[in-house]
Amino acid sequence: MSTFILLTITGLGLGAMYFLIASGLSLIYGLMGVLNFAHGVFLTVTAYALWFTESKLGGVPVLPRFLIAAVVGLVVAVVFAALTELVLIRPLYGRHIEQVLVTVGLALSVTALVTAIWGSDARVVVAPSWVGETTTIFGAHIPNDRWLEIATAVVVLFGLEGFLRRTRYGLIVRAGVENRAMVTALGIDVRKAFTLVFMIGGLAAGIAAVLYTLYSTTIDPQQGTSLVIFAFIVVVIGGLGSIRGTLWAAVIVGLVQQYANYYASSGLGDLSVVLLLGIVLIVRPGGLSRSFA
Amino acid sequence: MAPLPPLVSVNDLHVYLGESHVLQGISFDVPDGGVTALLGRNGVGKTTTLRALMGLVDRRGTVELAGEDIRGLRTHRIVRRGVGYVPEDRDVFSSLTVDENLRLAERDPEPRYDLVYDLFPELRQRGSQAAGTLSGGQQQMLAIGRALLNDNRLLLIDEPTKGLSPLLVTEVALALERVSELTTVLLVEQNLGVVQRVARDVVVLDTGRVVHTGPARELLDDKPAIHRMLGVG
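I will try to describe carefully the structure that is included in this document. (Residues numbered from 1 in each chain as written. Chains lettered and ligands numbered in written order. Predicted model: local features only at pLDDT ≥ 70, side-chain atom pairs only at ≥ 80, totals over all residues. Heavy atoms only, no water.)

1. Brief notes about the pattern of salt bridges
Inspection of the entire model under this criterion finds 14 salt bridges over all chains. The partner of Arg146(A) in a salt bridge is Asp145(A), with the nearest N and O atoms 2.9 Å apart. Owing to a relative accessible area of 12%, Arg146(A) belongs among the buried residues under this scheme. On the basis of relative accessible area, Asp145(A) is assigned to the buried category, the value being 4%. For Glu122(B), the salt bridge goes to Arg126(B), with nearest N and O atoms at 3.1 Å. Using a relative accessible area of 26% as the deciding quantity, one classes Glu122(B) as partly exposed. According to the relative accessible area criterion, Arg126(B) is partly exposed, its value standing at 29%. Several salt bridges converge on common partners, so that one network encompasses Glu161(A), Arg165(A) and Arg244(A). (Salt bridge = Lys/Arg side-chain N within 4 Å of Asp/Glu carboxyl O. Buried < 20%, exposed > 50% of the residue type's maximum accessible area, 1.4 Å probe, protein only.)

2. Quick word on the sheet that holds strand S5 (residues 68-69) of chain B
Residues and elements named next belong to chain B. In space, the four strands of this open sheet follow the order S2-S1-S4-S5, with antiparallel pairing throughout. Both edges of this open sheet fall to strand S2 (20-30) and S5, since each of them pairs with a single strand only. As paired elements, strand S1 (residues 8-17) and strand S4 (residues 60-65) share five bridges and run antiparallel to each other. In the strand pairing of S4, valine 8 is matched with leucine 65. Docked against the sheet, helix H1 (residues 46-53) engages S1, S2 and S4, running at close to 70° with respect to S2. (Pairing = 2+ DSSP bridges. Helix = DSSP H or I, 4+ residues; strand = E, 2+ residues; numbered from the N terminus. Contact = heavy atoms within 4.5 Å. Axes fitted to C-alpha atoms, helices over the stretch in contact; angles between N-to-C directions.)

3. Quick look at the packing of aromatic side chains
Residues and elements named next belong to chain A. This model, assessed by the stated rule, comprises 13 aromatic pairs over all chains. Judged by centre distance (5.9 Å) and plane angle (75°), the rings of tyrosine 48 and tryptophan 51 are edge-to-face. Of the two residues, tyrosine 48 and tryptophan 51 are both situated in helix H2 (residues 39-55); the distance of three residues between them amounts to about one turn of the helix. Residue class for tryptophan 51 comes out buried when judged on its relative accessible area of 11%. Members of the aromatic cluster, connected to one another through ring pairs, are Phe4, Tyr259, Tyr262 and Tyr263. (Phe/Tyr/Trp six-rings, centres within 6.5 Å; stacked < 30°, edge-to-face > 60°.)

4. Focus on a nonpolar patch on the surface
Residue and element names in this part refer to chain A. A contiguous nonpolar patch, built from Val71, Val75, Val79, Leu83, Leu86 and Val87 and spanning about 520 Å² of accessible area, is present on the exposed surface. One can find leucine 86 in helix H3 (residues 62-89). By relative accessible area, which is 39% here, leucine 86 ends up partly exposed. (Patch = residues over 30% accessible without salt bridge, like charges linked within 9 Å, V, L, I, M, F, W, Y side chains within 5 Å. Areas by Shrake-Rupley, 256 points an atom, 1.4 Å probe, with all protein chains shown as cover.)

5. Details of helix H3 (residues 98-105) of chain B
Because each turn of an α-helix spans 3.6 residues, side chains separated by three or four positions end up pointing in the same direction. H3(B) sits mainly inside the fold: six of its eight residues count as buried. Those residues of H3(B) not exposed but buried are Val98(B), Glu100(B), Asn101(B), Leu102(B), Leu104(B) and Ala105(B). Close packing links the buried residues of H3(B) with helix H6 (144-166) and helix H7 (168-178) of chain A together with helix H4 (113-119), helix H5 (121-125) and helix H6 (136-148) of chain B.

Below, the structure written as structure tokens:
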């Protein structure tokens, strides 16, 4: 029983990170029709900005040092995402092939640049000690970072829902997901919403990167890219443009991965997720969002 | 007394959609005030003309609004110069409520909710209902209400009675009459009964060219011309 609880909480923690990454991807695609293959490097730049800042604050105690580094990482993520939209994506709206190429190019070049500067070896991030400790629930020793991941995802979910339901820009984003041309025909400069959604996507991905550094305590140049592959699967399973669909899909993918790795065979988790994607594409090509609407 | 300058002046407007040369150098004026009906058979370019005026399709030629060339402006900037648009398929945001659809359209500091609810009281009653669950007639009311919320100089309204029951057609025609007292309207409409009721002037298109302009009454009284140009009567 304790193993099942541990697997479930770990799966939920993993799902929480997938949700954070995938929610931005889903909103960006839903509003702008942009498949952002550079989303993974939002995680990479956050992680390296965090690690770099932390390494420069040697004399500062661990907790404030980590918090300062995390804030710097998040600011870098938001600025990087905004620049990506303004400089690379905006001139190419409506040209989907070129957008895919430019985001793939950005992902490859940032990864190569990071490798060239800091090498391909993993770098250690010093996390606050509480994160590495465990909390015992029904006999299961749950690492504390899992709780942090789940709680953060819940806060981000409510924040996103609040933004979408209660603000004018949220209204513009929801309407834009349905019909961008009509939004502009109401006198609204929808491009501002595009930049804002990229920044929100960057922030959510940045938060995921901070949490992942707590989970793994190391960073490397390829980490962002490998995480974003599962986020893409989550987006497709959840239904493009749907935050609720993304949430459920992230939870399902996280749990399936954990259960399959333990109960079937180690390494089968990734394969199970791909199998799940295939089943959803056959049975419900539009994703889960309609069933949870 | 010199005649008033037109509110809209379209000159040599061309639009290509893919390989198709949809508008082939059309020129016409929309006088300030009243309703000008844009008529023609199906597929002659009426909807494309409105979309070109809105900047929703690439176009060549000049489009002047109150003397200012607006052809180079992006759609949202054209709208902010006082142009409202009611598209052919209504294009209400189906996942948003009626209230949210209206709120999204607000531009003026004091949106004219009183006018909108006076014309279409149902919109007030159905404020919290998702627009996608409204009937076709109710969606049309919402689409028109959205355009009326702001004090526009010009309204472009595309086939507002399309697919509506006779009762609703009368209701929409009444609303158009009221709207025409407040602002200039360029109306695409197939229902000649509605045109007769509301339009002061007409522009007739045929295969992407203007083939007639003039007072509505003059054309509507000329049955052979209507038959020749519109294929009805």
